[in-house]
Amino acid sequence: MKTNIDKFRRFLKRTFSVELFVGLGVVLREMLKKNSNHTMFYPMEKVNIDARYRGVHKLLRLAESGNERCIGCGLCEKICVSNCIAMDTKLGEDGRKKVINYSINLGRCVYCGLCADVCPELAIVHGGDYEFASEQRAYYGFKEDFLTNIKDLKEQKEFEGYGALPNDADFKVKLTPTTYIKKDQEND
Amino acid sequence: MVKITINGKTYKCEEGEQILKIARSNGVFIPAICYLSGCSPTLACRLCMVEADGKRVYSCNAKAKDGMNVITSTPDIEDERKAIMQTYCINHPLECGTCDQSGECELQNFVFHMGVDTQEYAIKDTYKPMQNWGLIDYDPSLCIVCERCVTVCKDKMGNNALKTVPRNSEPFDKSLKETMPKEAFAVWNKFQKSLIGRNDDGLSCDSCGECAAVCPVGALTVSSFKYKSNAWELTKIGASNPHSSDCELIYYDVKPASIEDRKDKIYRVSSDFDFGELNKAARFGFDFHNEKAHKDRIVLERIIKAFKENKIKNIKFNSFITNEEAKMLSILKDKFDVKLVNKEAKKYQEFLKEFSKYSGADLYNGDFDTIKSSDFIISAGSFLRHDAPNISYKLNNALKINKASALYFHPLKDSVVEGYSKNLLGCKHSSNLDIEILLWILQKFGKNLPKWLQDKFDSEFENIKKDILVDKKETQTKIVKKKVKDEDGKEVEVEEEKEVEVVVKTKKEILINVSKYSKMLGLDEEKIDKLLDKKTKFSLIIGEDFITSKNAILLAKLTGLIQKYSEFNVLIIPPRTNSLGVALICELDEMMDGKTLGYNEDGDITLGVHGCDLDAPALNQQEGTFVNLEKRVVPTNPALSYDGYELNDILKALNLGYEYSADYTDKLGSKFKNIKFDDLENSYDNSGKSHRGYKLNIKHTESIEDEFEIISKNELIDEENTIYKANPIGQFSKFTNRASALNSVAKLYAGEEFLKTHSLEDKDLISIDRNGKTLSLRIELDNKTDGAYLPFFDDKIDVDEFFDGSRYSKVSLKRSEV
């Protein structure tokens, strides 16, 4: 236990020690220095966000074919804690499940990342966009807003954040017997 | 009653009952995929194995014996079960993410339950493309060949439309036989040999969709539902089939229509397939609702004014209404002295009234259970699969499971019904015969009949000569060829005469005493006596033909006598969804001069679901109850929102009504119980016992035994040009025709024989003439019958003009030149 005298001594030490002036000196130096990087000129300048940051969602495409990754399984819709995801699906002409539309109420989303975590195809991921101020509480984003533009496919980056596979995933996955059959056939 | 012990607990059961059935009824879990309640066991999955008195048996077909000790799970059995589930997963596509069954998939559930987490076995996969079977899609790669679809089609629906076909899979490693557990190998071996296919290219299929309902995986799916929604997104709303009088338990599966349109939409209809089969209309005819209803205050005020000024003299309606609405109509009748006009319910009401006078009971005593448990069933006056498909399912089930026998009387042949069983005798009779059928039944099965009737029946026999074949021994000389060795050792054929005793069948004439009625009907009494051997539980199904017949009153009396004086449980099929409810609640009248308010029918001012002056809710938009053919008051719930006025709003505006329609449920009348709508249950329990609403009690009164005249009013009509009034399978009314999956245009449905006699062909354009009225329509071949029938589901044509109340009519047919 510290007595009141101890506390008074600590107060004196902190108030009158040199550290305060060291700090003031640093500030003064940075103020006068040219090209200082401590102040960001937002919104002209934006902070570099880490891959693990959970910003506004993105829907990714397959890098090779440009097809949508989303298979419409509905797991993100199911797991969403704030119940803000909805999707419409149908039978596509190619016999596959097609996602007609996809919506997230960004005003309601708590950016928990569960949708990205649960997505078996790494289709819905979090992007770095953190600006979602809007005029209304409800603010919807639709499929066209989230989906990578086919023109920008080359710039689409593989997601590294929450829910992404580890780099050594290929080695960790156990092969099924069917894979061995296929390998045997290839060797034949 | 005997007792068996399952996992240390003792349960009462019937001797010979299947162990799985006992366990299920008592809430003991035994895993099983291939077994369906009420069907014969297929032994395809073998998951249901248990240890009974130390021996391993399959509980789906092992029968209970007194004092039997059953253990449902041992480490050995668990290992086998896990291995079986593992083999089911071999090459099962990993597309649960998009599969429609995901979330209610039994393969998913059991794989998880047994803890399958690795795969040790493999086989090269083969290409198995998706197949479209009309309203159903079949994806063979998802199929686990449990054969539930085949079983349900055979044992319940009766169409026998499915079968197993060769799979043509790659040969597998023989060493698997040693390495795989025994049971798992047997299951897998069978699985690798077969797939599901359709009999005769799907011609015998009625598209009832029950196969898709029972499919434990996503192999059989409803095409229109494919990839529309995950199972877990749908809210199930318990209701009753609004289209036919079985009023079977259905669930409307709803969720918002789309991201933009948050109004609920029905995505599909599901059911409790173990105990309540659905017909095609119930499963696919769900979107017949009033979409764009609005409250038209001006029309409402006009109707109210007309009531207040006593201008409305008639209310014309049909039986596609709830009991509550029927009660509202009878309140309007009491208050404003309007006539309630409902032709078809009136006929049914009159039939029931006459029936109860002579039977001494105010209701018939048959229901689904009595049919299912019967071993001798007669159906008369009903084109069963078209009029009341659910009764045909129960009839078929009794034939298959109880080894029952049956007689099916109808002027139109139905090859599907005749194919139900060898023990079903189809009796095609002339359309002017109907009382003869009931007279024959009374004569043959009646006991302690009133004297006048007994005397009449005793005289209605005649001696006829009949040729029978008798065995007789005869000696005949025959030339027999013989091989004899001659002196050189060569074989030579020698002919030799020999006398042989041969049994020859010769004709012998004898006199037999035959009922006149069975002679008229062309019945083979010998065959029937064979069918009747050792039968104890009898059911009689009476259909709409009798209710609309010119002899209806007489037929009702005879039906009453059959219920009273024979062992038959009688069921008189209500022709429309709630005919029975309407008949019990409303007092029906003939039309009077004056203005008519039409409720879903024509009138001077109309309210109704489609194209009427004032919008009314469809049956999937309102709450209420129906009385089904089992005399059960079953609840139905609104699946979709509705923005217009309903019948109760008219009553409320006239200061007669309660706040909600459901407030009438406990005030329907003396025949009904005093139970509030919200207290009505709607489900089956694990033993198949129905907890749907409540059953009406039969009140017994004194019956009449007076003599009455038995003379048929039917005229002999020329059979060749007779057409019949019936809808094709899946259609019941203009409401089913509104549904997108069922919508079609009326045609004259005719069998091949009918087409041949009129030298017509499928798809010909014809005109039907009767009393100067003509109707032009196309012909559609129905290869399951031999006659022709004209449907009444299409409200664009008025079929009643071609029939005078009865279901048969003589018309002239002409091919139209195009």
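Note that residues are indexed from 1 along each chain, following the sequence as it is written. Key to labels: chains lettered from A, ligands numbered from 1, both in the order written. The predicted origin of the model limits local features to residues at a pLDDT of at least 70 and limits the giving and counting of side-chain atom pairs to 80 or more, whereas totals for whole chains, interfaces and linings rest on all residues. Note that the side-chain values use all heavy atoms of the structure and ignore hydrogens as well as water.

As annotated in an unreviewed UniProt entry, chain B carries the name NADH-quinone oxidoreductase subunit G and comes from Campylobacter blaseri.

Give me the overall build of chain A: which residues, what numbers.
Helix and strand definitions follow DSSP, with helices as H or I runs of at least four residues and strands as E runs of at least two, each counted in order from the N terminus. Per the secondary structure count, chain A includes seven helices and five strands. Listed N to C, the secondary structure of chain A is α-α-β-α-β-β-α-β-β-α-α-α in terms of helices and strands. With the radius of gyration taken over C-alpha atoms, the globule rule is written as 2.2 Å times the number of residues to the power 0.38. Here the C-alpha radius of gyration of chain A, 26 Å, is well above what a compact globule of 188 residues would show, namely 16 Å. Residue burial is assigned from relative accessible area. The probe radius is 1.4 Å, only protein chains are included, and a residue is buried under 20% of its type maximum, exposed over 50%, and partly exposed in between. Here chain A, with 188 residues, has 30% of them falling under the buried criterion. Note on contacts: a residue pair is in contact if any heavy atoms of the two residues lie within 4.5 Å. Considering only contacts in chain A between residues 6 or more positions apart, those separated by 24 or more positions represent 72%. Per-residue accessibility takes into account occlusion by the displayed protein chains alone, with areas from the Shrake-Rupley method and a 1.4 Å probe. Approximately 14200 Å² of chain A is accessible, and the part contributed by carbon and sulfur atoms is 54%. Charge assignment: positive for Lys and Arg, negative for Asp and Glu; neither His nor the chain ends contribute. Note on charges: their place is set at NZ of Lys, CZ of Arg, CG of Asp or CD of Glu. Of the charged side chains in chain A, 30 are positive and 27 negative; the average position of the first set lies 9 Å away from that of the second.

Any chance you could break down the sheet that holds strand S11 (residues 235-240) of chain B for me, citing the residues and the numbers?
Residue and element names in this part refer to chain B. In this description, strands pair whenever DSSP reports at least two bridges between them. One open sheet holds the three strands; their spatial order is S11-S12-S13, and the pairing between them is antiparallel. Both outer strands of the open sheet, S11 and strand S13 (264-270), are each paired with one neighbouring strand and no more. Strand-to-strand twist in this sheet, taken as the mean axis angle between neighbours without regard to direction, amounts to 35°. Relative to strand S12 (residues 249-256), S11 runs antiparallel, the two being bridged by six bridges. Each residue of the ladder has a partner; that of Ile237, found in S12, is Tyr252. Only the stretch in contact is used when fitting a helix axis, every axis being a line fitted to C-alpha atoms; angles between N-to-C directions are given from 0 to 180 degrees.

Could you give me a rundown of the nonpolar core, with the residues and numbers involved?
All names here are of chain B. As used here, the term nonpolar core means buried Ala, Val, Leu, Ile, Met, Phe, Trp, Tyr and Cys residues forming a set that is joined through side-chain atoms within 4.5 Å. Formed by 125 residues in total, the largest nonpolar core has its most connected members in Phe307, Ile378, Ile391, Phe409, Trp440, Ile441 and Ile572. Once you skip the residues sitting within four places of it in the chain, Ile391 turns out to touch Phe368, Ile371, Leu384, Ile541, Leu571, Ile573 and Leu629. Residues Val111, Trp133, Phe185 and Leu234 belong to the second largest nonpolar core, which totals 57 residues.

Now, about the side chain of His57 of chain A: what can you tell me, with residues and values included?
Residue and element names in this part refer to chain A. Note on placement: His57 falls in strand S1 (residues 57-59). You can call His57 buried: its relative accessible area is 4%. His57 has contacts with Ile104, Leu106, Cys109, Tyr111, Cys115, Ile124, Val125, His126, Gly127 and Phe146, leaving out every residue within four places of it along the chain.

An account of the interface of chain B and chain A is needed here, citing residue identities and associated values.
Contact with chain B, which involves 22 residues of that partner, is made by 25 residues of chain A. For the chain B and chain A pair, buried surface summed over both sides reaches about 1800 Å², with 58% attributable to carbon and sulfur atoms. What counts as buried area is the accessible surface, traced by a 1.4 Å probe, that two parts surrender upon association, with contributions from both included. Sorting the residues of chain B by area buried against chain A places Tyr227, Trp232 and Ile259 of chain B first, and these three jointly supply 35% of that buried surface. Any carboxyl oxygen of Asp or Glu within 4 Å of a side-chain nitrogen of Lys or Arg constitutes a salt bridge here. In this assembly, chain B and chain A are joined by zero salt bridges. In the analysis that follows, any N or O atom pair within 3.5 Å is treated as a polar contact, provided that within protein one partner can donate a hydrogen and the other can accept it, and provided that, for residues neighboring in sequence, both atoms belong to side chains. Viewed at the interface, chain A and chain B are joined by six residue pairs in polar contact (both at pLDDT 80 or more). The residue classification treats Ala, Val, Leu, Ile, Met, Phe, Trp, Tyr, Cys and Pro as nonpolar and Asp, Glu, Lys and Arg as charged. All others, Gly included, are polar. Each residue belonging to the side of chain B that touches chain A can be placed in one class, and the counts come to six nonpolar, eight polar and eight charged.

Requested: an account of the packing of aromatic side chains, with residues and values cited.
Residue and element names in this part refer to chain B. Pairs were defined over the aromatic rings of Phe, Tyr and Trp, the Trp ring being its six-membered one, requiring ring centres within 6.5 Å. Orientation was assigned from the angle between planes: stacked under 30 degrees, edge-to-face over 60, tilted for the rest. Using the criterion set out here, one finds 26 aromatic pairs over all chains in the structure. Aromatic pair Trp452 and Phe708: ring centres 5.1 Å apart, planes at 75°, arrangement edge-to-face. Taken as a pair, Trp452 in helix H17 (residues 451-459) and Phe708 in the loop between strand S28 (694-695) and strand S29 (722-725) lie far apart in primary sequence, 256 residues in all. On the basis of relative accessible area, Trp452 is assigned to the buried category, the value being 16%. Here a set of aromatic residues connected by ring pairs shows up, and it is made of Phe376, Phe409, Trp440, Phe445, Phe538 and Phe568. For a Lys NZ or an Arg CZ to count as sitting over a ring, it must be within 6 Å of the ring centre and within 35 degrees of the ring normal. Its end group placed over the ring of Tyr227, Lys226 keeps NZ or CZ at 4.9 Å from the ring centre.

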